[in-house]
Amino acid sequence: MSDPVLSLRGVTRTYQTAQGGLTVLKGVDLDIFPGELVGLIGPSGSGKSSLLHAAGLLERPTSGEVRIDGEDVGALDERARTRIRLSRVGFVYQFHHLLPEFDARDNVALPMRIAGWPLDQAQARAEAALASLGLAERTRHQPAQMSGGEQQRVALARSLANGPRLLLADEPTGNLDPATSQSVFETLQTLVKETGVAALIATHNMELAGHMDRVFALKDGHLEERQAESREY
Ligand SMILES: Nc1ncnc2c1ncn2[C@@H]1O[C@H](COP(=O)(O)OP(=O)(O)OP(=O)(O)O)[C@@H](O)[C@H]1O
Ligand SMILES: [Mg+2]
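Basis of the calculations
- Residues numbered from 1 in each chain as written.
- Chains lettered and ligands numbered in written order.
- Predicted model: local features only at pLDDT ≥ 70, side-chain atom pairs only at ≥ 80, totals over all residues.
- Heavy atoms only, no water.
- Helix = DSSP H or I, 4+ residues; strand = E, 2+ residues; numbered from the N terminus.
- Polar contact = N/O pair within 3.5 Å; in protein donor to acceptor, adjacent residues only side chain to side chain.
- Contact = heavy atoms within 4.5 Å.
- Pairing = 2+ DSSP bridges.
- Axes fitted to C-alpha atoms, helices over the stretch in contact; angles between N-to-C directions.
- Buried < 20%, exposed > 50% of the residue type's maximum accessible area, 1.4 Å probe, protein only.

**Thoughts on the side chain of Arg13**
Logical step 1: Relative to the helices and strands, Arg13 is located in strand 1 (residues 6–17).
Logical step 2: Within the local environment of Arg13, its side chain forms a polar contact with the side chain of Glu59, the two groups lying 3.2 Å apart.
Logical step 3: When sequence neighbours within four positions are dropped, the list of residues in contact with Arg13 reads Leu22, Thr23, Val24, Leu25, Glu59, Arg60, Pro61 and Thr62.

Structure representation (structure tokens):
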């Protein structure tokens, strides 16, 4: 088997609140491999977003180790972490966070531009990516001119624009109706298999969780693997 893209060891996260320390992650261990689609479930407040933020280098865990492609990213300074985040991690959220004044093509091209691609090449790649998701007719539309499912597909294309190794999604279909949710999920599934990205997807949708390669539930700050037939919290 190949090496894990994401490795978490003993990850803890404690927030300081007015009532004192609140520990939401109490020692999380997790390995995710290339081309794997892994679900993360758990009730609201169980720490799913906290885990994704630590895994995606948006926040530092209180303790424990985060490795991306074997590299211990906890030891790095913020500049180096930002560089890794931009080049190796893609994010998708419940709400698309596309730039409203940019069309679909330029939203997808943006991460490539930040990575230093020339405009025409970035736009050409963005158009190809959008076309492969069935959005060839939408490349010049702004987000407000697209449906929720189309917006999320554009957000998916953007998250994968720089060829990340790791894809983190926080309830990517949480804002969509069931049928659209299913079809966006199928797009996500296809992209994971095609690109070999390692994907960790937080979801409240147990139907979708049933279609993931593996599923983990956050329970009292720890991960518990769930089998296909019992994918409730
Ligand atoms: N910056 C913060 N400061 C204090 N407490 C926080 C902070 N961020 C999150 N929390 C608390 O940590 C707990 C876990 O939050 P988190 O957002 O990770 O949960 P979640 O599983 O993603 O929930 P949801 O399903 O509602 O998105 C919650 O009790 C939340 O109130
Ligand atoms: Mg959350």
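**Here we look at the sheet that holds strand 6 (residues 89–92)**
Logical step 1: As summarised here, the arrangement of the six strands in space is 6-7-8-3-9-10, forming an open sheet in which the pairing is mixed. Taken across any chain shown, the strands that pair with only one partner, and hence form the sheet edges, are strand 6 and strand 10 (222–226). The sheet shows a mean angle of 20 degrees between the axes of neighbouring strands, direction not considered.
Logical step 2: Two strands pair when backbone bridges link them, and strand 3 (residues 37–41) and strand 9 (residues 214–219) are joined in this way by four bridges, in the parallel orientation. Note that in strand 9 the partner of Leu40 across the bridge is Phe216.
Logical step 3: Each of strand 6 and strand 7 (166–170) touches helix 2 (residues 78–88); the most contacted strand, strand 6, lies at about 70 degrees to it.
Logical step 4: Across the sheet, helix 6 (residues 178–195) touches strand 3, strand 7 and strand 8 (198–202), and the angle it forms with strand 3 is around 135 degrees.

**What about the environment of Ser181?**
Logical step 1: Tracing the backbone through its elements, the reader meets Ser181 in helix 6.
Logical step 2: Assessed through its relative accessible area of 3%, Ser181 is described here as buried.
Logical step 3: With 29 residues separating them along the chain, Ser181 and Gln152 place their C-alpha atoms 9.5 Å apart.
Logical step 4: Those residues within four positions of Ser181 in sequence are excluded, and the remaining contacts are Thr173, Leu176, Asn205 and Leu208.

**Thoughts on unusual backbone geometry**
Logical step 1: We note that Leu57 has phi near 65 degrees; this positive angle belongs to a residue other than glycine.
Logical step 2: For Leu57, the location among the structural elements is in the loop between helix 1 (48–55) and strand 4 (63–68).
Logical step 3: On the accessibility criterion, Leu57 (1% relative accessible area) is buried.
Logical step 4: Residues other than glycine seldom take positive phi values, yet Asp69 does so here, at roughly 50 degrees.
Logical step 5: Among the structural elements, Asp69 can be located in the loop between strand 4 and strand 5 (71–72).
Logical step 6: Residue class for Asp69 comes out partly exposed when judged on its relative accessible area of 30%.

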